[in-house]
Amino acid sequence: MSPSSNLDQSQIDTHIHVLTPSYVKALDENGGDPSGWATPSWTLEECVRFSDTIGASFSVLSITTPGPGLLGPTEAGRKLARTLNEEVWEACCRRRGRFGYFAGLPDFHDVEGTLEEIRHVFETEKNANGVVVMTSYGDRLLGDDKFKPIWRALDSYNALVFVHPGPLEVVPEKIGGFLPQPVLDFPLATTRAAVSLVVSGIVTMCPNVDIILSHAGGTLPYVGQRAIMSLAEPSLASQCEVTLDQAKLAVGRFYYDLALSTSTPQLKALLAFTTSDKILFGSDFPYAPRPGIYTSFLQYSKFTTSEEGKSISPACLSQNALSLLEKHKTEYCNLPSARGPGMLETPEFGLENNHDAEQARSLLAKYIN
């Protein structure tokens, strides 16, 4: 039986987070999440139960923002990155057919420390499905010239790179005095990072790297053309590392996950901006409120039953993810298996009781059958 034989009945979740003991400790000791978001709980049982509830047979775990960068470009930051990667891999090993992971990296301002961890991930451990990076580090976007040696290294290892948004330096920081940045500013952070990767020439100079943008690319499907077509202005084009045509090709290389981005307008815009083979499933567990995740899952399920939505059915998105993970596989990494535990096998820890999730599973089951 091939690895893809059961993918029509399950999801592969490429945007799902893990909190390890050392990460929770580091957050507690440093004032909590800098974004202002509350730190959620995470256990293997909770994660498996959630995944079964949405029919996800395989999940690629990642440490979310700020990750090891919490400790800045320091030796402590390097050690935290190493420790977190070891702990996340340990969680993966407890369910080898169920979890893979994106390895975390130090603060990019520590270029040498980041290069050292990249070498360790891809030459020594060789068990990660790729790496997770943040949209910015301090006052520099992901496409900053200072970070080009890091991207060259990632390209040399044929790396899959998952880009997760982080806080922006904006005033006022909270909307209405209480809404933290993940609510609205994170999608904007993803947009800024994506455009910086294009105009800096990094996407063009890294043909072996594939990049996944969180949350359907933030606002990129809406404003991407505006940003790229600005290069038709000679005064701007003269400062850019790539031509207009190269920028268009670079934007076309991005992959997009659907974490919390499944309203009909969002999905229609994304399908108008990119091709369906560049779209992946994502949940954002456990950071998003659970009812919000299940509502998003139901929206997605309803859309896939339409003629327009057939191209992003669970079977299509799972095949997209499988192809991408196979393309960038390392020697010892975990990959989706053929066991397909999704919605058809007996859940290991039961299912969460949620009406939206139940309705979504029912819709997808009818669509499959």
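Provided above is the structure to which this section pertains.
Residues numbered from 1 in each chain as written. Predicted model: local features only at pLDDT ≥ 70, side-chain atom pairs only at ≥ 80, totals over all residues. Heavy atoms only, no water.

Caption draft 1: Just helix H4 (residues 111-125), in detail. Compared with an ideal rise of 1.5 Å per residue, which puts 15 residues at 21 Å, H4 spans 20 Å between its outermost C-alpha atoms and is within 8% of the ideal. Residues of H4 that are buried: Val111, Gly113, Thr114, Leu115, Glu117, Ile118, His120, Val121 and Phe122. Buried residues belonging to H4 abut helix H3 (75-93), strand S3 (99-104), strand S4 (130-134) and helix H5 (148-156). (Helix = DSSP H or I, 4+ residues; strand = E, 2+ residues; numbered from the N terminus. Expected span 1.5 Å × (residues − 1). Buried < 20%, exposed > 50% of the residue type's maximum accessible area, 1.4 Å probe, protein only. Contact = heavy atoms within 4.5 Å.)

Caption draft 2: Expanded view of the packing of H3 against H4. In contact at an axis separation of 10 Å, H3 and H4 are set at 20° when each is read in the N-to-C sense. Classified by the angle between their axes, H3 and H4 sit roughly parallel to one another. Crossing of H3 over H4 shows right-handed handedness. Along its contact with H3, which presents Arg78, Ala81, Arg82 and Asn85, the element H4 presents Glu112, Gly113, Glu116, Glu117, His120 and Val121. Among the residues forming the contact of H3 with H4, the class breakdown is 2 nonpolar, 3 polar and 5 charged. (Axes fitted to C-alpha atoms, helices over the stretch in contact; angles between N-to-C directions. Parallel < 35°, antiparallel > 145°, perpendicular 65-115°, else oblique. Left-handed = near helix turned anticlockwise from the far one by under 90°. Nonpolar A, V, L, I, M, F, W, Y, C, P; charged D, E, K, R; others polar.)

Caption draft 3: Spotlight on the sheet that holds strand S7 (residues 160-164). Spatially, 8 strands are ordered S1-S2-S3-S4-S7-S8-S9-S10 in an open sheet, and the strand pairing comes out parallel. Of all strands in the sheet, those with a lone pairing partner are strand S1 (11-17) and strand S10 (279-280), marking the two edges. Sheet topology note: the strand S9 (residues 255-257)/S10 ladder contains 2 bridges and is parallel. Along S10, the bridge assignment pairs Asp257 with Leu280. In the packing of helix H2 (residues 44-53) onto the sheet, the strands contacted are S1, strand S2 (56-62) and S3, and the crossing angle to S1 comes to about 140°. (Pairing = 2+ DSSP bridges.)

Caption draft 4: The arrangement of empty space enclosed by the protein in detail. Across all of its chains, the model carries 3 cavities of 30 Å³ or more by this definition. If you go around the largest cavity, you meet 13 residues; those closest to its centre are Phe281, Gly282, Ile293, Ser296 and Phe297. Here the lining of the largest cavity takes 4 residues from helix H12 (residues 290-304), the largest share from any one element. Looking at the lining of the largest cavity residue by residue, the class counts come to 9 nonpolar, 4 polar and no charged. Taken as a whole, the second largest cavity encloses approximately 60 Å³ of empty space. Lining the second largest cavity we find Ile202, Val203, Cys206, Val209, Asp210, Ile211, Arg253 and Phe254. Residue composition of the lining of the second largest cavity, grouped by class: 6 nonpolar, no polar and 2 charged. (1 Å grid on protein atoms, 1.4 Å probe; cavity = no way out; pocket = protein on both sides within 12 Å on 5 of 7 lines; lining within 4 Å. Points joined across faces, edges and corners; volume = space filled by probe spheres on them.)

Caption draft 5: Summary view of the packing of aromatic side chains. If you walk through the whole model with that rule in mind, you get 10 aromatic pairs. Each ring, one from Phe281 and one from Phe297, has its centre 6.3 Å from the other, and the planes form 75°; the classification is edge-to-face. On the criterion of sequence distance, the pair formed by Phe281 in the loop between S10 and H12 and Phe297 in helix H12 is long-range, its members being 16 residues apart. An identical accessibility class is assigned to Phe281 and Phe297; each is buried. One aromatic cluster is present, built from ring pairs that chain together Phe50, Phe285 and Tyr294. Above the plane of the ring of Tyr255 lies Lys278, whose end atom (NZ or CZ) is 5.2 Å from the centre. (Phe/Tyr/Trp six-rings, centres within 6.5 Å; stacked < 30°, edge-to-face > 60°. Lys NZ or Arg CZ within 6 Å of the ring centre and 35° of its normal.)

Caption draft 6: Representation of the packing of helix H6 (residues 181-199) against helix H8 (residues 220-229). Interhelical geometry of H6 versus H8 gives an angle of 35° and a closest axis separation of 11 Å. Note that H6 runs across H8; the crossing there is right-handed. Where H6 abuts H8, its residues Thr191, Ala194, Val195 and Val198 lie against Leu220, Val223, Ala227 and Ile228. Among the residues making up the contact of H6 with H8, the classes are represented as 7 nonpolar, 1 polar and no charged.

Caption draft 7: Broad picture of the state of the cysteines. Inspection of every chain in the model, using the stated rule, returns 0 disulfides. Not part of a disulfide, Cys47 finds its nearest cysteine sulfur in Cys92, a span of 9.6 Å. Here Cys206 is not disulfide-linked; the sulfur of Cys240 is the nearest cysteine sulfur, at 15 Å. (Disulfide = S-S within 2.5 Å.)

Caption draft 8: Region of the structure containing a nonpolar patch on the surface. A contiguous nonpolar surface patch, about 240 Å² in accessible area, is contributed by Ile175, Val183 and Leu184. Within the secondary structure, Ile175 sits in the loop between S7 and H6. (Patch = residues over 30% accessible without salt bridge, like charges linked within 9 Å, V, L, I, M, F, W, Y side chains within 5 Å. Areas by Shrake-Rupley, 256 points an atom, 1.4 Å probe, with all protein chains shown as cover. Salt bridge = Lys/Arg side-chain N within 4 Å of Asp/Glu carboxyl O.)

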